[in-house]
Amino acid sequence: MGFFSGEITGDGYVPSRFHQLIWPKNASGNKVNGVGDTERYRPVQSYHKHHPFYPFGLAEQWFIHKCMYDFRISNWYFKHWITENIKRLGKVAGAKQEDTPENWTKTIKERALADDDIHAVGICRMNPEWVFADREIPRGEWVIMLGRRMDYDEFSKNMKGDFVSQCREVIKSYVKGQETGYRLANWIRKQGYYASFKGGLSDDHLFLVIPAAIEAGLGQLGKHGSMISDELGSSFRLTPILTDMPLIPDKPRDIGVDDFCMSCRLCTRDCPADAISDEKQMVRGDMKWYVDFDKCVPAFNELYACGLCLAVCPWSRPGVAPKLTQKMLQRREKKTAEQ
Amino acid sequence: MYMIEILRWLIAVPLLLIWLYFAATNLRFLFRNFRVGLDAGPAPVTVVGGLAGCLGLLILPWLEFADRVALLWVPLFLDLGSAPFYLSMLALAIWQRMNNRAWRNQPDYIEGGMD
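Parameters at a glance
Residues numbered from 1 in each chain as written. Chains lettered and ligands numbered in written order. Predicted model: local features only at pLDDT ≥ 70, side-chain atom pairs only at ≥ 80, totals over all residues. Heavy atoms only, no water. Phe/Tyr/Trp six-rings, centres within 6.5 Å; stacked < 30°, edge-to-face > 60°. Helix = DSSP H or I, 4+ residues; strand = E, 2+ residues; numbered from the N terminus. Buried < 20%, exposed > 50% of the residue type's maximum accessible area, 1.4 Å probe, protein only. Salt bridge = Lys/Arg side-chain N within 4 Å of Asp/Glu carboxyl O. Contact = heavy atoms within 4.5 Å. Buried area = accessible area lost by both parts, 1.4 Å probe.

(A) Summary view of the packing of aromatic side chains. Tallied over the full model, the rule gives 19 aromatic pairs over all chains. Aromatic pair Trp81(A) and Phe22(B): ring centres 5.8 Å apart, planes at 55 degrees, arrangement tilted. Note that Trp81(A) is positioned in helix α4 (residues 74–85) and Phe22(B) in helix α1 (residues 2–36), a pairing that runs across two chains. Each member of the pair, Trp81(A) together with Phe22(B), is buried. Residues Trp104(A) and Tyr193(A) carry aromatic rings whose centres are separated by 5.7 Å and whose planes lie at 75 degrees to one another, so their mutual orientation is edge-to-face. With Trp104(A) in helix α5 (residues 101–114) and Tyr193(A) in the loop between α7 (163–190) and β5 (195–197), this residue pair connects regions lying 89 residues apart in the sequence.

Next comes the structure, spelled out in structure tokens:
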């Protein structure tokens, strides 16, 4: 372990001395996230606030600087910045185009999937429970959730110690999703309906995107705290679009993730920070898979967003997710029939 | 000599314009965050503006070299993402190390609650 480099040991991740210096003494991200709380309440944003003036702010700045000024990654960061700060969404057209919610839904999905960079799309109604407690409920009754598959070969280089390549793939995926989100939101505005998009790297996060993606039928929460989809596995990124356009929501789907994660221990075993638990935990009134923030984030910061849990996940390998879903659902049917 | 001077102007002016752009953008971001009152908002673009400004100033065919060096603080301090950002980070780090209850005003984060 050096001043600027941490070390993966058998007992977990030991952050660099610099990271230890900037890590707050008494603060806990698990507390902010409501671990152990049986009461349901709106989430509080625990990380990625983009300013240093909160307990994990200095650690976050260290992460941003590592990524933003690494020339292997910075071009994608720059593209994100342009989309976020220079490009502007067009005005909402004065006259609303009329059509049925069924037709709008079909058109939106076709338009999204016509883009080579979008591989899954789902729609759900916006739930105020997902909105961060200190934010106003955003405008837009519907959430269109776009999913972009990451290149597994690039992403999984982290298993060989190349964390920069996986970080580049993550940021690239966010940027590509953001660019499609920008185009789609503009198209919706031209039809006379309000629309705005948020990328994963957006400056002002408003709500939790994973619950929305689950509600939009894109998949389920995995043991590693990320989404697992029956089409894209674990290695994909989300871009939400908020809109007033009348749409038909998708339904949440059980694709057998829980059954699988109960018996699989790959992410638990390979997490360098020992942050993934084999048991579900109570988080703000819900029993769910949860990754220990205080253990995960130091490794996340220093290992270029790490991502090992996603790379080792069997669902991530190309072509595996649809087969695994089928297998898990068949197994369950068999079990139910036996009972 | 004349050609070199033109070349220096041609390189220095775009660099100084980059500095001006990022200085203005970072100021705009700060005001936007105050105005909207968001706890999370646009992050300052750090280093780039100040660095471009310093380079531009050093290349500029104007004043003596020593005088230009003496003016280097101007691009660094007038871009909020450069010296002011890093100095505030340093101050924050020192304050955080010295004060066990640094986050008293943010009880959500404090393990075990407030004492």
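(B) Examining the pattern of salt bridges more closely. Residue and element names in this part refer to chain A. This model, assessed by the stated rule, comprises 21 salt bridges over all chains. Across the pair aspartate 278 and lysine 223 runs a salt bridge, and its minimum N-O distance is 2.8 Å. Within this pair, whereas aspartate 278 is found in the loop between α10 (266–270) and β9 (281–283), its partner lysine 223 is found in the loop between β6 (220–221) and β7 (227–228), the two being separated by 55 residues in sequence. The exposure class of lysine 223 is buried, given its relative accessible area of 1%. A salt bridge links arginine 332 to aspartate 254, with the shortest nitrogen-to-oxygen separation between them at 2.7 Å. Taken together, the positions of arginine 332 in helix α13 (residues 320–338) and aspartate 254 in the loop between β8 (236–243) and α9 (257–263) put the pair 78 residues apart, joining distant regions of the chain. The partly exposed category is assigned to arginine 332, whose relative accessible area is 26%. The network of salt bridges with common partners includes Asp117, Arg148, Glu169 and Lys176.

(C) Quick look at the interface of chain A and chain B. Listed by partner, the interface residues are 35 residues for chain A and 35 residues for chain B. For the pairing of chain A and chain B, the buried interface totals around 3100 Å² over both sides, and the portion due to carbon and sulfur atoms is 55%. When the buried area of chain A at its contact with chain B is split by residue, Lys25(A), Asn26(A) and Trp81(A) rank highest and sum to 19% of it. Counting across the chain A and chain B interface gives 0 salt bridges.

(D) Geometry of unusual backbone geometry. Not every positive phi belongs to a glycine, and His50(A) is a case in point at roughly 75 degrees. On the secondary structure map, His50(A) appears in the loop between α2 (29–33) and α3 (57–68). Judged by its relative accessible area of 9%, His50(A) is buried. Its identity is not glycine, yet Val47(B) carries a phi of approximately 65 degrees, on the positive side. By the element assignment, Val47(B) lies in the loop between α1 and α2 (48–59).

Note that every value here comes from positions in space, so none of it alone points to a role or purpose.
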